Amino acid sequence: MRKIAAIVQEAIAAGLARVSSDGTSLVGPSNKTYALAQRTLARPPDVTDHAARGFTSSSIWQALGKIWQPVAAPDATSAAWGELPVPGGCFTDIVGTTNTIFAGGFVAMKAGYTGAAVDISVTIATTPTTFTINILASGEIDVIALQSAIAQADAGTDVTCTKLYDQSGAGNHYVKSASYPAPYVTFDDALGRYCLATNGPYAGAPRTLKAPVGVITTGALSSGYGVVGNAYSTLTIGRGVSSASNGLPALYALGDNTNATTADRRFCSAIAGVNGKFNVWRGFAKCNHSPDQFVDSQPSVVVTVSATANTYLSVNESVGVATTTNDTAVYTSGWLFTYDPSANDQVGSHRMVAFAVANVALSTTQQARLRQASYARFDIRPQALDQIVLCGDSRTSSAQPTNKRFDSLALQLASRLGKVARVIGMGNGGYTNAQILANQIPTIVSMFNPNVKNTVFYLASVNDGSAGATPAQMVASIQASLAPLKSAGWRVVLINELATTSTTNSVNTQLPILRGLVAAAGPAGMGCNAILDPLQYSPLAAPANTAYYADGLHLTPACDALLASAMVPLCA
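Note that the structure is predicted; figures quoted are calculated from it, not measured.

## Details of the overall build of the protein chain
Move 1: Secondary structure assignment for the protein chain yields twelve helices and 30 strands.
Move 2: Looking at the 572 residues of the protein chain, the share that counts as buried comes to 56%.
Move 3: Within the protein chain, counting contacts between residues at least 6 apart in sequence, those at least 24 apart form 69% of the total.
Move 4: Roughly 20800 Å² of accessible area belongs to the protein chain as shown, and the carbon and sulfur atoms make up 54% of that amount.

See below:
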């Protein structure tokens, strides 16, 4: 059977159809339009990928393992793109062996590297068994050996990574600490690879690996890792980039010291706390500090660079620069995925394929080489500029009452959409509508980009009910939060509240009344573009069903999966 894409291409070539100016529709005979699938970013750029769709002269496009950039500044009606050579080499080759402190992951991080990548622990007949999984000559991990080991695991047990080998030759391997559990090993469908995974909010002790003591605490670096004035750089490939509510977690973390003043709130890198914090001071306009948590869930290339005068942080092609001098801080030894595991400071669920750190400040050319080589190697698409934000409380952030492996709502939505948009989770546990209005809404309003699609999903009110608010008061609070989003230009989708078994202030009986009021008001009355009723799916109407409600309040991964699939059609 011929593929539909081939038929469409023939119709365009024959003049029987054309792509609309904004690239979102196919225009056929009699000007009848047909919506194009969002996965059209897996193609070379064309004339319709212009300024009106958010592209500039510095934009980068990756598809089919190739890289393109506009040959001149795109205007509002057209753009001409030229192909760039894909940079060769891995992190160690681009940065240099001497300057690489650590490079490891589920792929080769040095050209020609073969040998140990990870040690994994598999429970077989109730006994933990260690397997060393190697990198093959292809530069990829031995998937057959990995899958064979995973297949032997006892039912109901998880496979974890107890050692992440340093491929640079420096011998700075990350290993499991005796005090904390190890990260999971999982297959991430959005990345299309096996990777490390760590548990999410409120899910118990962070799953982490520890760097060797003293790796970077010599000489001028004794004041801390990555402090402005000291030259260091990192590269991280993965998704689930998270902000901090208590400390500085990672994939890379966008967080703050909760004891710091507003001016001191800062960002840190994927290895925050490797004998200190890698601080990137607030200067990355679209990523903010707690309490407006910010969790990027699309596949990302994250680069941080600490130089003498400036500090740089980039998530794909979004780049921030900060020039503020660092302050004195308390430093701990190095942990992967978390700044201070004793503080249980981890928020969000993370996925990491590869990670590396160098003791030099990478040049802008080196940074671009690393990003572009990584885009092509891991099929990451920086051209995905549309924004989808999940705004709300702990149900939105996928808080879990127990320590277990799971995919958050944001991660699941990103997986179902494909690599077509930036999916950002901003749920914050315990938040009422008023707190969301004060902390999350201003950030989302400031993020609006008139040249891309901007969609926000709003899910909150259970905390208002628990605090004693009436259904009518909850409706008014929701309307107050949605109004500035709609006014700023966001397409707003209100998710009508789910159920709960909680009887605090009769919230379990107040929420059904709230849902009725919201349904009666409709999108126009609530001040949104659409309303999604998750309780149209009968399992979600039964909060005592532990397959969907972990504790009568928070959603299980199965519930998040159902909700994410219902959200996909509303992301257009």
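## Some points on the pairing of strand β9 (residues 127–135)
Move 1: As judged from the nine bridges shared by strand β8 (residues 115–124) and β9, these two strands associate in the antiparallel manner. Within β9, the residue paired with Asp119 across the bridge is Thr132.
Move 2: Hairpin connection between β8 and β9: a loop of two residues separates the two successive antiparallel strands, and Ala125 in this loop has a positive phi of roughly 55 degrees.

## Quick look at the packing of helix α10 (residues 471–488) against helix α11 (residues 507–526)
Move 1: Direction vectors running N to C along α10 and α11 enclose 40 degrees, while the axes themselves pass 9 Å from each other. Between α10 and α11, the crossing angle belongs to the class labelled oblique. The handedness of the crossing between α10 and α11 comes out as right-handed. For the pair formed by α10 and α11, the contact residues are Pro471, Ala472, Met474, Val475, Ile478, Gln479 and Leu482 on the first element and Gln510, Leu511, Ile513, Leu514, Leu517, Val518, Gly525 and Met526 on the second.
Move 2: Looking at the contact of α10 with α11, its residues break down into twelve nonpolar, three polar and no charged.

## What to know about α11
Move 1: Helix length check: α11 (20 residues) gives 21 Å between terminal C-alpha atoms against 28 Å at 1.5 Å per residue, more than 12% under.
Move 2: At Ala520, α11 is bent by approximately 55 degrees, the largest bend along its length, and proline Pro523 sits one to four residues beyond.
Move 3: For α11, the complete set of buried residues consists of Val507, Gln510, Leu511, Leu514, Arg515, Val518, Gly522 and Met526.
Move 4: Buried residues along α11 sit in contact with α5 (394–397), α9 (462–466), α10, β29 (491–495) and β30 (530–532).

## Here we look at the confidence of the model for the protein chain
Move 1: Averaged over the protein chain, the pLDDT score is 78; the fraction of residues at 70 or greater is 71%.
Move 2: Across residues 242–292, confidence stays below pLDDT 50; counting only partners more than four residues off in sequence or on other chains, it has 220 contacts.
Move 3: Low pLDDT, under 50, characterises residues 323–333; the stretch is placed with 34 contacts to residues that sit more than four places away or in other chains.

## Focus on the sheet that holds strand β6 (residues 81–84)
Move 1: The strand order β4-β5-β6 describes an open sheet built from three strands, whose pairing is antiparallel. Of all strands in the sheet, those bounded by a partner on one side alone are β4 (61–63) and β6. Looking at each pair of strands side by side, their axes are set apart by 35 degrees on average, direction ignored.
Move 2: One ladder, built from four bridges, connects strand β5 (residues 66–70) with β6; its direction is antiparallel. Bridging across to β6, Pro70 finds its partner in Trp81.

## Examining unusual backbone geometry
Move 1: Of note, Asp379 is a non-glycine position whose phi angle comes to about 50 degrees, a positive value.
Move 2: Relative to the elements of secondary structure, Asp379 occurs in the loop between α4 (364–378) and β26 (386–392).
Move 3: Look at Asp379 and you get partly exposed, because its relative accessible area is 25%.
Move 4: The backbone phi angle of Ser506 is positive, close to 55 degrees, even though this residue is not glycine.

## Here's the deal with the environment of Arg239
Move 1: Here Arg239 is to be found in strand β15 (residues 232–239).
Move 2: Given a relative accessible area of 1%, Arg239 falls into the buried group.
Move 3: For Arg239, the side chain forms a polar contact with the main-chain oxygen of Ser297, separated by 2.9 Å.

## Some points on the nonpolar core
Move 1: Core analysis: the largest hydrophobic core is formed by 51 residues, its most contacted members being Phe91, Phe106, Val118, Ile120 and Val353.
Move 2: Ranked by residues supplied to this core, first place goes to strand β25 (residues 350–358) with seven residues.
Move 3: In this structure, Ile120 is in contact with Thr129, Thr130, Phe131, Ile133, Leu146, Ala149, Val159, Thr160, Cys161, Thr162 and Val185, ignoring residues within four places of it in sequence.

## Here we look at the packing of aromatic side chains
By convention here, two paired aromatic rings are described through the distance between centres and the angle between planes.
Move 1: Within the structure shown, the criterion is met by eight aromatic pairs.
Move 2: Considering the side-chain rings of Tyr174 and Phe355, the 6.1 Å spacing of their centres and the 80 degrees angle between planes classify their relative orientation as edge-to-face. With Tyr174 in strand β11 (residues 174–175) and Phe355 in strand β25, this residue pair connects regions lying 181 residues apart in the sequence.
Move 3: Grouped by ring-pair contacts, the aromatic residues Phe55, Trp61 and Trp81 constitute a single cluster.

## Points about the side chain of Asp464
Move 1: Within the secondary structure, Asp464 sits in helix α9.
Move 2: With no salt bridge to any partner, buried Asp464 finds its closest opposite charge in Arg395, at an N-O distance of 10 Å.
Move 3: Beyond its immediate stretch of four places on either side in the chain, Asp464 contacts Thr432, Asn433, Ala469, Met474 and Ser477.

## Brief notes about the pattern of salt bridges
Move 1: All told, the structure shown has eleven salt bridges when counted by the stated rule.
Move 2: In this structure, the salt-bridge partner of Asp407 is Arg351, at a minimum N-O distance of 2.0 Å. Taken as a pair, Asp407 in the loop between α5 and α6 (409–417) and Arg351 in strand β25 lie far apart in primary sequence, 56 residues in all.
Move 3: Residue Asp407 is classed as partly exposed on the basis of its relative accessible area of 29%.
Move 4: Through salt bridges with shared partners, a single ionic network connects Arg43, Asp46, Asp49 and Arg53.

## Re helix α12 (residues 557–567)
Each α-helix winds once per 3.6 residues, and so residues spaced three or four apart point in a common direction.
Move 1: Counted residue by residue, α12 has eight buried out of eleven residues, so it is predominantly covered.
Move 2: Among the residues of α12, those classed as buried are Cys559, Asp560, Ala561, Leu562, Leu563, Ala564, Ala566 and Met567.
Move 3: Those residues of α12 that are buried are in contact with β26, α6, β28 (454–459), β29 and β30.

Reading the values: the criteria
Every residue gets a number counted from 1 within its own chain, in the order that chain's sequence is written. It should be noted that, the model being predicted, local features are given only for residues of pLDDT at least 70 and side-chain atom pairs only at 80 or more, the latter also being counted only at that level, while totals for whole chains, interfaces and linings use all residues. By convention in this description, side-chain values take in all heavy atoms of the structure and omit both hydrogens and water. Strands here are runs of E lasting at least two residues and helices are runs of H or I lasting at least four, both read from the DSSP assignment and numbered beginning at the N terminus. For the exposure calls, accessible area comes from a 1.4 Å probe over protein chains only, and a residue counts as buried if that area is under 20% of its type's maximum, exposed if over 50%, partly exposed in between. Residue contacts follow a heavy-atom distance rule, with two residues in contact if any of their heavy atoms lie within 4.5 Å. Note on areas: these come from Shrake-Rupley sampling with a 1.4 Å probe, and a residue is covered only by the protein chains present in the view. By this definition, two strands are paired if DSSP reports at least two bridges between them. Note on geometry: axes are C-alpha line fits, over the in-contact stretch for helices, and angles between N-to-C directions span 0 to 180 degrees. For classification, angles of less than 35 degrees are called roughly parallel, those exceeding 145 degrees roughly antiparallel, those between 65 and 115 degrees roughly perpendicular, and all remaining angles oblique. By convention, the crossing between two helices is left-handed when the near helix turns anticlockwise from the far helix through less than a right angle, and right-handed when the turn is clockwise. We call Asp, Glu, Lys and Arg charged. Ala, Val, Leu, Ile, Met, Phe, Trp, Tyr, Cys and Pro are nonpolar, and the rest, Gly among them, are polar. Expected span of a helix, by definition, is 1.5 Å for each gap between consecutive residues, and there is one gap fewer than residues. Axes are fitted to the seven residues ending at a residue and to the seven starting at it; the angle between these axes is taken as the bend at that residue. Per residue, pLDDT captures the predictor's confidence, and it can take any value from 0 to 100. Residues adjacent in sequence count toward polar contacts only when both atoms are side-chain atoms; beyond that, a polar contact is any pair of N or O atoms within 3.5 Å, and within protein one must be able to donate a hydrogen and the other to accept it. By nonpolar core we mean a set of buried residues, namely Ala, Val, Leu, Ile, Met, Phe, Trp, Tyr and Cys, connected to one another through side-chain atoms within 4.5 Å. Two aromatic rings from Phe, Tyr or Trp, using only the six-membered ring of Trp, form a pair when their centres are within 6.5 Å; if the ring planes differ by under 30 degrees the pair is stacked, by over 60 it is edge-to-face, and anything between is tilted. In this count, Lys and Arg are taken as positive residues and Asp and Glu as negative ones, while His and the chain termini are left out. A pairing counts as a salt bridge when a side-chain nitrogen of Lys or Arg comes within 4 Å of a carboxyl oxygen of Asp or Glu.

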